[in-house]
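The chain contents come next:
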Amino acid sequence: MPVIECSGIKISLDDEGYLINIDDWNEKVASAIAEREEVEELTKDRIEIIKFMREHYLKYNFFPILDSVCLYVHQPKDCVKKQFIDPLTAWKIAGLPKPNEQVVGYLKGEGGVT
């Protein structure tokens, strides 16, 4: 099981890089995951996106529709893809658990979720 170190604390990830304990997340952990995922910098726009994704998931226990993420953070319609290229990368950085295959298909633009 992969581990990242953040502020002297070891944080466990699953084999695909998703945070094991959702409560371990903070912005420093997000930065460490971003580095692991080869995201150059967590800009203000990127932080807004991942915080919204996280808050939505924690409130509804479900992923947000990608267009709504951009709407709520007042960014262009395809902001998640422009900021992260892969929405799953944003999901990982937000410290959210691995989504099921239907959600993965949606996040990869394969449809399947309405």
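All values derive from a computational prediction rather than experimental measurement. (Residues numbered from 1 in each chain as written. Predicted model: local features only at pLDDT ≥ 70, side-chain atom pairs only at ≥ 80, totals over all residues. Heavy atoms only, no water.)

K.L.:
Which parts of the structure should I look at to understand the pattern of salt bridges?
P.N.:
Pairs may arise between side chains of opposite charge once their charged atoms sit close together. All chains considered together, the criterion is met by seven salt bridges. The partner of Arg 36 in a salt bridge is Glu 37, and the shortest N-O contact between them spans 3.8 Å. Its relative accessible area of 36% is what places Arg 36 among the partly exposed residues. For the salt bridge of Lys 82 with Asp 78, the shortest nitrogen-to-oxygen distance reads 3.9 Å. A relative accessible area of 60% means that Lys 82 is categorised as exposed. When salt bridges with common partners are traced through the structure, they connect Arg 36, Glu 37 and Lys 92 into a single cluster. (Salt bridge = Lys/Arg side-chain N within 4 Å of Asp/Glu carboxyl O. Buried < 20%, exposed > 50% of the residue type's maximum accessible area, 1.4 Å probe, protein only.)

K.L.:
Just checking my understanding: could you explain the side chain of Arg 46 for this structure?
P.N.:
As for its placement among the helices and strands, Arg 46 is situated in helix H2 (residues 44-60). Among buried charged residues, Arg 46 stands out as having no salt bridge; its nearest opposite-charge side chain is Glu 41, 6.6 Å away. Once residues within four sequence positions are removed from consideration, Arg 46 is found in contact with Val 39, Glu 40, Glu 41, Gln 83 and Phe 84. (Helix = DSSP H or I, 4+ residues; strand = E, 2+ residues; numbered from the N terminus. Lys, Arg positive; Asp, Glu negative; His and termini not counted. Contact = heavy atoms within 4.5 Å.)

K.L.:
Mind showing me how you'd approach the pairing of strand S2 (residues 9-12) here?
P.N.:
Two faces, one strand: in a regular strand the side chains alternate between the faces of the sheet. Where strand S1 (residues 3-6) and S2 come together, four bridges link them in antiparallel fashion. What sits directly across from Val 3, in S2, is Ser 12. Between the end of S1 and the start of S2, which pair antiparallel, lie two residues, with Ser 7 showing a positive phi angle near 55 degrees. (Pairing = 2+ DSSP bridges.)

K.L.:
What's the story with the packing of aromatic side chains in this structure? I'm lost.
P.N.:
Overall, the coordinates contain three aromatic pairs when judged by the stated rule. Relative to Trp 91, the ring of Tyr 57 has its centre 5.7 Å away and its plane inclined at 85 degrees; by these criteria the two rings are edge-to-face. Of the two residues, Tyr 57 sits in helix H2 while Trp 91 sits in helix H5 (residues 87-93), which places them 34 residues apart along the sequence. An identical accessibility class is assigned to Tyr 57 and Trp 91; each is buried. Taken together, a centroid distance of 4.3 Å and an interplanar angle of 40 degrees make the contact between Phe 62 and Phe 63 tilted. Exposure remark for Phe 62: the relative accessible area of 41% places this residue in the partly exposed category. (Phe/Tyr/Trp six-rings, centres within 6.5 Å; stacked < 30°, edge-to-face > 60°.)

K.L.:
Mind showing me how you'd approach the state of the cysteines here?
P.N.:
Note on terminology: a disulfide is the covalent bond linking the sulfur atoms of two cysteines. Counting across every chain of the model gives one disulfide. Disulfide pairing is shown between Cys 70 and Cys 79; the S-S distance is 2.2 Å. In this structure, the disulfide formed by Cys 70 and Cys 79 twists by about -100 degrees around the S-S bond and is classed as left-handed. Here Cys 70 and Cys 79 have matching classes, each one buried. (Disulfide = S-S within 2.5 Å.)

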